[in-house]
Amino acid sequence: MWEFRKGNVFGATVFTSYGAFWLSFWAYVTFFAAKIPVEQHGAAAGWFLIAWAIFTTLMLVGALRTTMGLALLFAVVTVTFYLLGLGSLSATPTLTWLGGVLGIVAAAIAWYLCLAGVAASTFGRPILPNPPLFTP
């Protein structure tokens, strides 16, 4: 919510939305999954993940006006959601595995961006590279 205060609509939207993703996924697993016929679990989870893949695609477009690292993160997370969703819909373990591997890659990129931001703030200058994609 600090992103709203700073006037960063992109950051506020992203943080709020992915927080909602995790809460909604928890609610799905905790309250609703047991009520879905077992043979429909893959379709239900798959469409849920595809919906988030579409949202992440939209956020990727916004990330293209930020930094190279953030755009790369959103590109990887976009492909991750599509792979996980399609893997769930088609019951294809290879797609799900690839989505999981890309999820780990996305986590590594996110940790790098976290360290880059904290280091830049702490030292008062960029320490780790994360150049802007476009300069106005």
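Before reading on, note that the structure itself is shown above.
Each chain has its residues counted from 1, running along the sequence as written. Two thresholds apply to this predicted model, a pLDDT of at least 70 for residue-level local features and 80 or more for giving and counting side-chain atom pairs, whereas whole-chain, interface and lining totals are computed over all residues. Excluded from the side-chain calculation are hydrogens and water; included are all heavy atoms of the structure.

A. Main features of the overall build of the chain. Counting its regular elements, the chain contains five helices and zero strands. Helix numbers and strand numbers start at the N terminus; a helix is a DSSP run of H or I with at least 4 residues, a strand a run of E with at least 2. Helices and strands in the chain line up, N terminus first, as α-α-α-α-α. Going through the 136 residues of the chain one by one, you find that 30% of them count as buried. Pairs at least 24 residues apart make up 60% of the contacts formed inside the chain by residues separated by at least 6 positions. Remark: exposure states derive from per-residue accessible area (1.4 Å probe, protein chains only) relative to the maximum for the residue type, with buried under 20%, exposed over 50%, and partly exposed in between. By definition in these notes, contact holds between two residues if any of their heavy atoms fall within 4.5 Å.

B. Expanded view of the packing of helix α2 (residues 9-32) against helix α4 (residues 68-90). Every axis corresponds to a line fitted to the C-alpha atoms, with the helix fit spanning only the stretch in contact, and the corresponding angles, defined between N-to-C directions, vary from 0 to 180 degrees. Packing of α2 against α4 leaves a shortest axis separation of 15 Å and a crossing angle of 30 degrees. What the angle tells us is that α2 and α4 run roughly parallel. Relative to α4, α2 is oriented so that their crossing is left-handed. For the pair α2 and α4, the contacting residues are Phe10, Val14, Tyr18 and Phe21 in the first and Leu70, Phe74 and Phe81 in the second. Its residues assigned to classes, the contact of α2 with α4 shows seven nonpolar, no polar and no charged. Geometric relationships in this document are graded by angle, where less than 35 degrees denotes roughly parallel, more than 145 denotes roughly antiparallel, 65 to 115 denotes roughly perpendicular, and other angles denote oblique. A clockwise turn of the near helix away from the far one marks a right-handed crossing, whereas an anticlockwise turn of less than a right angle marks a left-handed crossing. Each residue gets one of three labels, nonpolar for Ala, Val, Leu, Ile, Met, Phe, Trp, Tyr, Cys and Pro, charged for Asp, Glu, Lys and Arg, and polar for the others, Gly among them.

C. Representation of the nonpolar core in the model. Tyr18, Phe21, Trp52, Leu73, Phe74 and Phe81 are the most contacted members of the largest nonpolar core, which has 19 residues in total. Looking at this core, the elements with two or more residues in it are α2, α3 (41-63), α4 and α5 (93-123). It is α3 that provides the largest number of residues to this core, a total of eight residues. Beyond its immediate sequence surroundings of up to four residues, leucine 73 is in contact with Ala106, Ile109, Ala110 and Leu113. Side-chain atoms within 4.5 Å are what join buried Ala, Val, Leu, Ile, Met, Phe, Trp, Tyr and Cys residues into a set we call a nonpolar core.

D. Broad picture of the packing of aromatic side chains. Aromatic contacts are taken between Phe, Tyr and Trp rings whose centres are within 6.5 Å, Trp giving its six-membered ring; a plane angle under 30 degrees counts as stacked, one over 60 as edge-to-face, and the others as tilted. A full pass over the atoms with the stated rule returns 15 aromatic pairs. Between phenylalanine 21 and phenylalanine 25, the ring centres sit 6.0 Å apart and the planes meet at 20 degrees, which makes this aromatic pair stacked. Here the residue phenylalanine 21 and the residue phenylalanine 25 both occupy positions in helix α2, the gap between them amounting to four residues, near one helical turn. By relative accessible area, phenylalanine 21 is classed as buried at 5%. Overall, phenylalanine 25 belongs to the partly exposed group, its relative accessible area being 27%. Relative to phenylalanine 48, the ring of phenylalanine 21 has its centre 5.7 Å away and its plane inclined at 25 degrees; by these criteria the two rings are stacked. Of this pair, phenylalanine 21 sits in helix α2 while phenylalanine 48 sits in helix α3, placing them 27 residues apart in sequence. Members of the aromatic cluster, joined through ring pairs, are Phe10, Tyr18, Phe21, Trp22, Phe25, Tyr28, Phe48, Trp52, Phe55, Phe74 and Phe81.

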